[in-house]
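For reference, the chains in residue letters:
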Amino acid sequence: MATRPGPLTEWPWQRLGNFKYVVMAPVVVHGARLVSAGGWGAIDLAFALILPSLLLRMIHNQIWISAARYQTARSKHRIVDRGIEFEQVDRERGWDDQIILNGLLFYVGYLLIPSARHLPAWRTDGAVATALLHAGPVEFLYYWFHRALHHHFLYSRYHSHHHSSIVTEPITSVIHPFAEHIVYYVLFAIPMLSTIYMGNASVLGFVVYIAYIDFMNNMGHCNFELVPKWMFQVFPPLKYLMYTPSFHSLHHTQFRTNYSLFMPFYDYIYSTMDRSSDQLYESSLKGTEETPDLVHLTHMTNLQSAYHLRIGFASIASKPSDSSMWYMWTLWPLAWLSMVFAWVYGSSAFVVERIKLKKLKMQTWAVPRYNFQYGLNWERESINDLIEKAILDADARGVKVLSLGLLNQAKQLNGGGELFRQKYPKLRVRLVDGSGLATAVVLKSIPQDAKQVFLHAGPSKIASATAFALCEKGVKVIMNPKKEYDMLESQNADSRASYLKLSGNQMPQIWLVDNIDDKEQKMAPQGTTFIPISQFPFKKIRKDCTYLSTPAMKIPETMQNIHACENWLPRKVMSAWRIAGILHALEGWTMHECGDAMIDSEKAWSAAIRHGFVPLNKA
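The rules behind these values
Residues numbered from 1 in each chain as written. Predicted model: local features only at pLDDT ≥ 70, side-chain atom pairs only at ≥ 80, totals over all residues. Heavy atoms only, no water. Core = buried A, V, L, I, M, F, W, Y, C linked by side-chain atoms within 4.5 Å. Buried < 20%, exposed > 50% of the residue type's maximum accessible area, 1.4 Å probe, protein only. Helix = DSSP H or I, 4+ residues; strand = E, 2+ residues; numbered from the N terminus. Contact = heavy atoms within 4.5 Å. UniProt positions renumbered as here; feature names shortened; annotations may be inferred. Pairing = 2+ DSSP bridges. 1 Å grid on protein atoms, 1.4 Å probe; cavity = no way out; pocket = protein on both sides within 12 Å on 5 of 7 lines; lining within 4 Å. Points joined across faces, edges and corners; volume = space filled by probe spheres on them. Phe/Tyr/Trp six-rings, centres within 6.5 Å; stacked < 30°, edge-to-face > 60°. Expected span 1.5 Å × (residues − 1). Axes fitted to C-alpha atoms, helices over the stretch in contact; angles between N-to-C directions. Parallel < 35°, antiparallel > 145°, perpendicular 65-115°, else oblique. Left-handed = near helix turned anticlockwise from the far one by under 90°. Nonpolar A, V, L, I, M, F, W, Y, C, P; charged D, E, K, R; others polar.

Participant: I would appreciate a short explanation of the nonpolar core in the present structure.
Facilitator: Considering soluble globular proteins, one finds that nonpolar side chains tend to be buried as a cluster. In terms of nonpolar packing, the biggest core is built from 54 residues, with L437, L455, V477, L512, M559, I582 and F613 touching the most fellow members. Tallying contributions element by element places helix α26 (residues 576–587) first for this core, with 7 residues. In contact with I582, not counting residues within four places along its chain, are L294, L357, L360, M362, M559, M574 and F613. With 53 residues, the next largest nonpolar core counts L187, M219, F224 and F262 among its residues.

Participant: What exactly am I supposed to notice about the UniProt feature "domain: Fatty acid hydroxylase" (unreviewed entry) in the protein chain here?
Facilitator: Listed under "domain: Fatty acid hydroxylase" (unreviewed entry) in the UniProt record, and renumbered for this structure, are residues 136–272. The span residues 136–272 is 66% helical and 0% strand by assignment, and the distance between its end C-alpha atoms comes to 18 Å.

Participant: Would you explain the environment of M24 in this entry?
Facilitator: Its place among the elements puts M24 in the segment before α1 (25–38). Here the alpha-carbon distance between M24 and Y107, two residues 83 residues apart in the chain, equals 9.4 Å. Not counting residues within four places of it along the chain, the set of residues in contact with M24 comprises L51, L54, I100, G103 and L104.

Participant: Any chance you could explain the sheet that holds strand β12 (residues 552–554) here in plain terms?
Facilitator: Two modes of strand pairing occur in sheets, parallel and antiparallel, and in both the strands are linked by backbone hydrogen bonds. Taken together, 3 strands build an open sheet; the order of strands is β14-β12-β15 and the sheet is antiparallel. Single-partner strands in this sheet number two, and they are β14 (573–575) and β15 (614–615).

Participant: Please clarify how empty space enclosed by the protein should be interpreted in this entry.
Facilitator: Left-over empty space is what a probe sized like a water molecule reveals as it rolls over the atoms. With the rule as written, the count across this model stands at 9 cavities of 30 Å³ or more. Taken as a whole, the largest cavity encloses approximately 290 Å³ of empty space. Forming the boundary of the largest cavity are 25 residues, of which S173, H176, Y184, F188 and N217 lie nearest the centre. Those elements giving two or more residues to the lining of the largest cavity turn out to be α6 (124–149), α7 (152–163), α8 (178–198), α9 (203–220) and α12 (245–254).

Participant: Is there a simple way to think about the packing of aromatic side chains in this case?
Facilitator: The description of an aromatic ring pair rests on the distance of the ring centres and on the angle between the ring planes. Tallied over the entire structure, the rule returns 28 aromatic pairs. Judged by centre distance (5.7 Å) and plane angle (40 degrees), the rings of W11 and W13 are tilted. In this pair, the class of W11 matches that of W13, namely buried. Judged by centre distance (5.2 Å) and plane angle (90 degrees), the rings of Y143 and W144 are edge-to-face. According to the relative accessible area criterion, Y143 is buried, its value standing at 0%.

Participant: Sorry if this is basic, but what is going on with helix α23 (residues 461–472) here?
Facilitator: Because the α-helix completes a turn every 3.6 residues, residues three or four places apart line up on one side. The first and last C-alpha atoms of α23 sit 16 Å apart over 12 residues, in line with the 16 Å expected at 1.5 Å per residue. By the criterion of burial, α23 is predominantly enclosed, with 9 of the 12 residues buried. The set of residues buried in α23 consists of I462, A463, S464, A465, T466, A467, F468, L470 and C471. Where α23 ends, the next residue or the one after it, G474, has phi of about 85 degrees, a positive value.

Participant: Any chance you could explain the sheet that holds strand β5 (residues 430–432) here in plain terms?
Facilitator: Spatially, the 6 strands line up as an open sheet ordered β5-β4-β1-β3-β2-β13, and their pairing is mixed. Pairing within the sheet leaves two strands with one partner each, and these edge strands are β5 and β13 (559–560). When strand β2 (residues 350–357) meets strand β3 (residues 360–367), the two strands line up antiparallel, connected through 7 bridges. Bridge pairing in β3 places L357 opposite L360.

Participant: I tried to follow the packing of helix α5 (residues 97–112) against α8 on my own but got confused; where do I start?
Facilitator: For any two helices packed against each other, the geometry comes down to the angle between their axes and how far apart the axes lie. One way to put it is that α5 packs onto α8 with a least axis distance of 11 Å and a crossing angle of 50 degrees. As far as their axial angle goes, α8 and α5 are oblique. The crossing of α5 and α8 is right-handed. Between α5 and α8, the contacting residues are Q98, L101, N102, L105 and F106 on the first element and F178, H181, I182, Y185 and M192 on the second. Among the residues making up the contact of α5 with α8, the classes are represented as 7 nonpolar, 3 polar and no charged.

What follows is the structure in structure tokens.
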């Protein structure tokens, strides 16, 4: 919101939430009546394109959002080297409000202006008139209205809402209070109403004009420079007719310069152009290569996880993946197609985010594979090839640490990363599976006064390390089935052998589990606390039991550019396996933590606390 919200700040349908599209019902009902009365031929082209044009605008904007986030994460041409936080994502989640308004205004105009009906598909003279009217009255009036918005009275009540985003994303362009958008649509209506009055309007002329506005708005609010220099060299006057992302970025950082809409010549005429515009454009276009200190290598989980990536839907990525919107199931065909595309054409890991902690630069790379593919025996070799390629790429770029997330460290896949350490003994990048810190988080989640726990887990480093640590403390560890019990018993020291027991009739109320089905959960006594020891959560079916999070910790407040949730974890919470890689980089630990090698859990825990990570599950 603005610092002092004025009248008509809120959108009329704001309280409807995700059901706001119901306001377009009159258009749908009107269309249905026309079809029922006279068939599809009874629908005028101008009316028929109202809803499809809105859908195309949404797709157009989403493409810009995803492409810009991807480029911002990997590109060297970033303009403002600062992060985006959850507050900005929440403020900008209503970017489709202006599209709904656009549809309603087109519908009202169609009803009230008889000459707006039965328009031809295209008129070249109308398109030329639209371009001239935009370059003249629209750009001129917008410039002075924009300057007025920066007067403290209007700025505090309206325009400060837009300028709350110092680091802009494409969709920042349309984040304004409702009253501002009304004025903008009055301005943009000038060319359209004028061509209707002159008799040379066309349906595609309107669609192209709105598409031009969307394109320029989105392009100008990218946080990376993408306009090539040769365009201005081939046609020098273009610098007065088209702005660039760096040009408009100065308006968001300096506030009282570069007021123009899309054509900077009014800033040149009225001497409000920032003198550093050309210099920033040159430096942003040249860019600066950045090598991350740390890479976290993850992968997609279920089909919907493609939307949950930062480069997917911003509002969905800002929430835990298990709280997806109710309408997500309608997009399953798109999710399925994206999976097939990634399977066929995904030949390497791709960058999905970049974050900072003090001077430590981190990136997250995703292997273009899904959970179910990791379970296919015939896919293991190709997945290992993708992981190996990412490791060698990181090593060549001088990355210090690469942490293996989720199934990329599965023992049956590559021995927890040991396959690559053995294959490349001179590897400079340190491979980290994070088992030491994950074990520590599990141990710290167990109540200190616990006398016995039930370990329901298959053979794993964390299960073994947790069991041995508990036995060392004198806590009885009860296990089932016998196969896992026999395996741990053979490795257990004689001094703690008496504390490892095969399950009997009585079951403890603390269960350590890596995977458990509904039937097994029902066997737990009332009031049981389930503590996961794996990276993946399991289904919660007991209302009389307590379920803790998968091993994770809250991140330090100084960590920057955190505006998405890590899978199913809450905001500003990070999995222990990922944090372990950060600790290796911060502490300068030189050992690989993969295969059977494991950092001492207490050492990892102390380092995490020292660097500002906070326990999520307190004992």
